[in-house]
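Structure at a glance
Now for the letters of each chain:
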Amino acid sequence: MTMEKMHEHDNLSCARGSSYHPRRGPEELIHADIDEDLGVRRKITVDLQNTNGGLVVVIGINPSNAGKKNKAGRSKSDRTLTKTSRVMHELGFGRLVMVNLFESQTSRTENIDFSTKINLGIHRELFDEADEIFVAWGLEGRLAPAIGEAWKVLAEYEDKLWCIECNGRKPLHPRVWAYSDEYEIVPFSFGAVSF
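Predicted model, so just to flag it, every value in this text is computed and none were measured.

Strand order across the open sheet formed by seven strands is S1-S2-S4-S3-S5-S6-S7, with mixed pairing between neighbours. Every other strand in the sheet has two partners, leaving strand S1 (30-35) and strand S7 (184-187) as the edge strands with one partner each. Averaged over all neighbouring strand pairs, the angle between strand axes comes to 25°, with direction disregarded. For strand S3 (residues 55-60) and strand S4 (residues 95-100), the ladder comprises six bridges, and the chain directions are parallel. Residue pairing in the sheet places Val 57 in a bridge with Val 97 of S4. Contacting S1, strand S2 (40-47), S3, S4 and strand S5 (132-135), helix H1 (residues 79-90) crosses the sheet at an angle of about 140° to S4.

Right, let's talk about the pairing of S4 for a bit. When you tally the buried positions in S4, you get five out of six residues, the bulk of the element. A crossover connection joins S3 to the parallel S4 through H1; in handedness this β-α-β unit is right-handed.

Across the junction of Lys 170 and Pro 171, the peptide omega takes the value -5°, indicating a cis bond. By the element assignment, Pro 171 lies in the loop between strand S6 (161-165) and S7. Positive phi outside glycine occurs at Gln 49, with the angle close to 60°. Turning to its location among the elements, Gln 49 is positioned in the loop between S2 and S3.

So, about the packing of aromatic side chains. Scanning the model with the defined rule gives three aromatic pairs in all. Note on Phe 102 and Phe 114: the rings are 5.0 Å apart at their centroids and 80° apart in plane angle, and the pair reads as edge-to-face. Note that Phe 102 is positioned in the loop between S4 and helix H2 (124-129) and Phe 114 in the loop between S4 and H2, a separation of 12 residues in sequence. Residue Phe 102 is classed as buried on the basis of its relative accessible area, which comes to 3%. For Phe 114, a relative accessible area of 40% puts it in the partly exposed group.

This next bit is on the pairing of S3. The buried count for S3 comes to six of six residues, which makes it a mostly enclosed element. Residues Leu 55, Val 57 and Ile 59 of S3 are buried on one face, and the alternating residues Val 56, Val 58 and Gly 60, pointing to the opposite face, are buried as well.

Moving on: the pattern of salt bridges. Within the structure shown, the criterion is met by five salt bridges. Ionic pairing is found between Arg 108 and Glu 110, a salt bridge with its closest N-O pair at 2.6 Å. Residue classification places Arg 108 among the partly exposed positions, given a relative accessible area of 48%. Note that Lys 117 and Glu 149 form a salt bridge whose closest N and O atoms lie 2.8 Å from each other.

Among the structural elements, Lys 160 can be located in the loop between helix H3 (144-154) and S6. For Lys 160 and Ala 130, which are 30 residues apart along the polypeptide, the C-alpha to C-alpha distance reads 8.2 Å. Here Phe 127 takes part through its backbone oxygen, which lies 2.8 Å from a polar atom of the side chain of Lys 160.

It is worth spelling out the environment of His 21 at this point. Its location among the elements puts His 21 in the segment before S1. In this structure, His 21 is in contact with Leu 29, Ser 77, Thr 82 and Arg 86, ignoring residues within four places of it in sequence. Of the polar contacts made by the side chain of His 21, one reaches the side chain of Thr 82; its length is 3.5 Å.

Turning to the side chain of Thr 84, a few remarks are in order. Within the secondary structure layout, Thr 84 lies in helix H1. The exposure class assigned to Thr 84 is buried, which follows from its relative accessible area of 0%. One polar contact links the side chain of Thr 84 to the main-chain carbonyl oxygen of Thr 80, over a distance of 2.8 Å. Leave out the neighbours within four places in its chain, and Thr 84 touches Val 58, Leu 96, Met 98, Pro 174 and Trp 177.

Conventions we followed
Residues numbered from 1 in each chain as written. Predicted model: local features only at pLDDT ≥ 70, side-chain atom pairs only at ≥ 80, totals over all residues. Heavy atoms only, no water. Pairing = 2+ DSSP bridges. Helix = DSSP H or I, 4+ residues; strand = E, 2+ residues; numbered from the N terminus. Axes fitted to C-alpha atoms, helices over the stretch in contact; angles between N-to-C directions. Contact = heavy atoms within 4.5 Å. Buried < 20%, exposed > 50% of the residue type's maximum accessible area, 1.4 Å probe, protein only. Right-handed = clockwise from strand over helix to strand, strands pointing away. Phe/Tyr/Trp six-rings, centres within 6.5 Å; stacked < 30°, edge-to-face > 60°. Salt bridge = Lys/Arg side-chain N within 4 Å of Asp/Glu carboxyl O. Polar contact = N/O pair within 3.5 Å; in protein donor to acceptor, adjacent residues only side chain to side chain.

In short, geometric facts, not functional conclusions.
See below:
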């Protein structure tokens, strides 16, 4: 199956001078589905403020603290959500939804509650609606069983799957994305995962 490049930019240098930030603006741009009692976040949606832009879904490892409310009652962002939002905004998308392999909300991957692993099949309706899906769970080998299960669902959407690559390593987690020509947007294929 061949995919045509759908992006105006093929690398992340497009976002180098971006002023977009998901927590700045007159209205609430971040909406999170969080269960505080269970310590899980099911998904987070960001209005990217591109009126005619489509929907992009990004799949990460686990949710951090983004989406929790600050003292003023507005949803917080974090480095991962800000970088992801900035790049997707510059690519022209209008709405970003982030989901994860695990719903355990923690900023440190060693603290993930592995019992919160989800079946990505619960997001099929979202994947069907998405214009593109970015895989951004990083290169951690200990996630291989969860990634194998994810493939069972994502194989149906292979024509929409993308990731960020640098020096042949992919799919990179947003915390390591850099706004340079070396970080490229490439089609994602499960046969090309590198740990």
